[in-house]
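Structural features, examined
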Amino acid sequence: MIRTPPRAASFVVAAGVSRAVYQGLRRRPGGARWTRTNHAGRSVDLYAGPAVVLGAAVGAGSGPAAFAVLAAGACGAYDDVNGDHRRGFRAHLAALRDGEVTSGAVKLLGIGAASLVAGALLKERAVDKVLAGVVIAGTAHLVNLVDVRPGRAGLTVLALGAPGLVRGPLAAAPMGAAAAVIGDDLGERTMLGDMGAHALGAAVGSAVAAGNGRLGLAAHAVGLIAAAAWGEREASSRAHPSE
């Protein structure tokens, strides 16, 4: 009997589930709620989002990783439906101080809390638990940050996940999910939305967290915090363009 390597099985399961869900949703149009206008003014659907959430969660084969994926996907879906024009953590936190709970605040707090829970389940020591949570949340944010053109988030997931295959099978699930829809994403028929981008990022972050010790976790956390700071600066400059 030929045994399928865990990495290959995880990739195939994630890709198969993602593709099946995506095709099923396309056969049952959901109206304006599931339609967006992309950067080029074309109408695209958001079906890739729920497809990769389910694919990555099922293919993960890990309770903590699946939890992080589903929670990040749920928070991202809330933003897809209720998002407003404000960009950057600072704007959403300022609104929260004024008593307004924005969709961005829901993402920030929800994904952050879920990532800390997942990190605590993946690691044994307190410092490692916190670092793992930062890595999972930071990677979710990073993948969403680069999702500004067709295919960029999916290609980022494939690039970030590939090195993780050496350490274990967890990285194969987001790679399989992303691969299942990237052709349609690049073809501008669908988009991941916040739901899909955050979920894939959380899946990759979980793989990074599971496969690294304290030094690796710290290095990844520093890099992700730097990326978040850069993204915040870019968001601020777009919100307040110079004269």
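Residues numbered from 1 in each chain as written. Predicted model: local features only at pLDDT ≥ 70, side-chain atom pairs only at ≥ 80, totals over all residues. Heavy atoms only, no water.

Section: the packing of aromatic side chains
The full count for this structure, using the stated rule, is one aromatic pair. Ring geometry for Trp-34 and Tyr-47: centres 5.7 Å apart, planes at 35 degrees, overall tilted. With a gap of 13 residues between them, Trp-34 in the loop between α1 (6-26) and β1 (35-37) and Tyr-47 in the loop between β2 (43-45) and α2 (48-60) connect regions that are remote in the sequence. (Phe/Tyr/Trp six-rings, centres within 6.5 Å; stacked < 30°, edge-to-face > 60°. Helix = DSSP H or I, 4+ residues; strand = E, 2+ residues; numbered from the N terminus.)

A look at the pattern of salt bridges
Enumeration according to the criterion identifies seven salt bridges in this entry. Between Arg-26 and Asp-45 there is a salt bridge, with the nearest N and O atoms lying 2.9 Å from each other. Residue Arg-26 is found in helix α1, and its partner Asp-45 is found in strand β2; the two are separated by 19 residues along the sequence. On the basis of relative accessibility, which here comes to 36%, the residue Arg-26 falls in the partly exposed class. Owing to a relative accessible area of 9%, Asp-45 belongs among the buried residues under this scheme. (Salt bridge = Lys/Arg side-chain N within 4 Å of Asp/Glu carboxyl O. Buried < 20%, exposed > 50% of the residue type's maximum accessible area, 1.4 Å probe, protein only.)

Quick word on α2
Taking 1.5 Å of rise per residue, the 13 residues of α2 would be expected to cover 18 Å, and the 18 Å separating its terminal C-alpha atoms lies within 8% of that figure. In terms of burial, α2 is a largely internal element, 11 of the 13 residues being buried. Summarising the contacts, the buried residues of α2 are in contact with α1, β2, α3 (63-82), α8 (172-186) and α9 (193-211). Looking one or two residues past α2, Gly-61 carries a phi angle of roughly 65 degrees, positive in sign. (Expected span 1.5 Å × (residues − 1). Contact = heavy atoms within 4.5 Å.)

Remember, this is a structural readout, not a statement about activity or role.
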